[in-house]
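Here is what each chain is made of, one letter per residue.
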Amino acid sequence: MDRFEAMRTLVAAIDGGSLSAAARTLNIPLPTVSRRVSDLEALLGSQLVVRTSRKLLLTEAGTAYVISARRVLDELAEAERAASGEYRAPRGELLVTAPIAFGSLNVAPIVHDFLAAYPDVTVRLVLSDNVIDLIESHVDVAVRIGRLPDSSLVARRVGDIRWVICASPDYIQRRGAPETPAALADHDCIAFEGLQRYREWPFVDGNAQQQVTINPRFSINTADGVVGGAVAGVGIARLLSYQAVASIKAGTLVPILNDRGPPAMPVHLVHAAHQQQPLKLRAFLDFVAPRLQQRLQAISRDVSGVGQVPATVPSSNGDATSVETADSQSA
């Protein structure tokens, strides 16, 4: 029995919640997974897991063993990276996560350029609006939007994203533009919501925060759907700057109440602290950070050209700090 393979199999089964999940993760037959776990238990003379019809449960001995197994596997992986030259030249695989829409629009194109510049590095880009635990999931870099709580992780700030209130030129010609946040109560609005309802939009009045309750004419659970409704003239939308920028540049949406929005949200590249940082990670951070910063600056310029709607509305043709793990907005 290969003890390292047995350890990997057990850890994969626990992480996936079942022997079948481990088989899929490791791409090996289910009987092989079951045999490895059983052989490991026989070698140790102790039951490590309790097999139920729904999932695997660790015994007390299994809990202690899995903690030790993770540490051993991490040390083995570190030794293999050092031996393979990962600390002498950028090479190997990087696991990167980012919010779905932001990652697709702004992170993926930069990763494409990075791969062309570093042919010995491969990247797995996982787009998810869920906050992924970097350590537990072995993630190398995460793009996080929002304020970061203190943690042992390291973050590099690359820019900001803010909320934009906007509507189509057609809607503004028909209904006018609200001059104050409170005036939104008299307008058709579009809400970004799914099974749960969120009917309050935050604004800033001087130094005070205010919450404005809206009455949506249309609600939808995707950002693209909100953009589509706003462009179609259904109502006034609240979008993140990167979601609205293409339509604003095209003239199909017009920013309003630009000077009353809530504070911008920071964007960071977050990664675990390393005593010796792999060159593939350093190369990725140094490549991505300035390019993502440029993109965010361009987005900010494109959506902040107007404090209020102009009198004539165009026609519808016409360095690193130690911080966080969580992401307060990843739409």
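Each remark here, short or long, concerns the structure printed above.
Structural notes, computed from the coordinates. Values in this document were obtained by computation on a predicted structure and should not be read as measured data. (Residues numbered from 1 in each chain as written. Predicted model: local features only at pLDDT ≥ 70, side-chain atom pairs only at ≥ 80, totals over all residues. Heavy atoms only, no water.)

Before going further, it helps to spend a moment on the sheet that holds strand β13 (residues 254-256). Sheet architecture is open: 5 strands sit in the order β11-β8-β12-β7-β13, paired in mixed fashion. A single partner strand is all that each edge strand has here, and the edge strands are β11 (216-220) and β13. Strand-to-strand twist across the sheet, computed as the mean angle between neighbouring axes with direction ignored, equals 40°. Two strands pair when backbone bridges link them, and strand β7 (residues 163-167) and strand β12 (residues 236-240) are joined in this way by 4 bridges, in the antiparallel orientation. Its bridge partner lying in β12, I165 is registered against R238. (Pairing = 2+ DSSP bridges. Helix = DSSP H or I, 4+ residues; strand = E, 2+ residues; numbered from the N terminus. Axes fitted to C-alpha atoms, helices over the stretch in contact; angles between N-to-C directions.)

The next subject is the environment of T222. Positionally, T222 belongs in the loop between β11 and α7 (223-231). We classify T222 as partly exposed; its relative accessible area is 36%. (Buried < 20%, exposed > 50% of the residue type's maximum accessible area, 1.4 Å probe, protein only.)

On to the packing of helix α1 (residues 3-16) against helix α2 (residues 19-26). Where α1 meets α2, the closest approach of the two axes is 7 Å, and the angle between their N-to-C directions is 115°. Here the hand of the crossing between α1 and α2 comes out right-handed. Of α2, the residues touching α1 (which contributes R8, T9, A12, A13 and G16) are L19, A21, A22 and L26. (Left-handed = near helix turned anticlockwise from the far one by under 90°. Contact = heavy atoms within 4.5 Å.)

Here we take up the pattern of salt bridges. The final tally for this structure, using the stated rule, is 11 salt bridges. Among the salt bridges present, the one from E5 reaches R8, with a minimum N-O distance of 3.0 Å. Here R8 and E5 lie together in helix α1, a separation of 3 residues that amounts to about one turn. Taking the relative accessible area as the measure of exposure, R8 reaches 29% and is therefore partly exposed. With its nearest N and O atoms 3.8 Å apart, the salt bridge here joins R36 to E5. Highlighted residues: R36 in helix α3 (residues 30-44) and E5 in helix α1, separated in sequence by 31 residues. Given a relative accessible area of 29%, E5 falls into the partly exposed group. (Salt bridge = Lys/Arg side-chain N within 4 Å of Asp/Glu carboxyl O.)

To continue, consider unusual backbone geometry. Despite not being glycine, N27 has its phi angle at roughly 60°, a positive value. As for its position among the elements, N27 is in the loop between α2 and α3. For L257, which is not glycine, the phi torsion reads 55° and is therefore positive. Locating L257 in the fold gives a position in the loop between β13 and β14 (265-271). Judged by relative accessible area, L257 falls into the buried class, the value being 2%.

This part is about the packing of helix α5 (residues 100-117) against helix α9 (residues 279-303). Taken N-terminus to C-terminus, the directions of α5 and α9 make an angle of 135°; their axes are 10 Å apart at the nearest point. Viewed along their axes, α5 and α9 adopt a mutual orientation that is oblique. Crossing geometry of α5 relative to α9 is assigned as right-handed. Together, F102, L105, N106, P109, I110, V111, D113, F114 and A117 of α5 and K280, A283, F284, F287, V288, R291, L292, R295, L296 and I299 of α9 make up the contact between the two elements. (Parallel < 35°, antiparallel > 145°, perpendicular 65-115°, else oblique.)

To continue, consider the packing of aromatic side chains. The way to describe two aromatic rings as a pair is by their centre distance and the angle between their planes. The full count for this structure, using the stated rule, is 5 aromatic pairs. Measuring from centroid to centroid gives 5.0 Å for F102 and Y242, while their planes differ by 70°, and the two rings are edge-to-face. With a gap of 140 residues between them, F102 in helix α5 and Y242 in helix α8 (residues 241-250) connect regions that are remote in the sequence. Relative accessible area serves as the criterion here: at 3%, Y242 is assigned to the buried category. Cluster of aromatic residues (ring-pair linked, three or more members): F114, Y118, F284 and F287. Note that R238 overlies the ring of W163, its terminal NZ or CZ placed 3.6 Å from the centroid. A cation over a ring is seen here: R291 above F287, with NZ or CZ 3.6 Å from the ring centre. (Phe/Tyr/Trp six-rings, centres within 6.5 Å; stacked < 30°, edge-to-face > 60°. Lys NZ or Arg CZ within 6 Å of the ring centre and 35° of its normal.)

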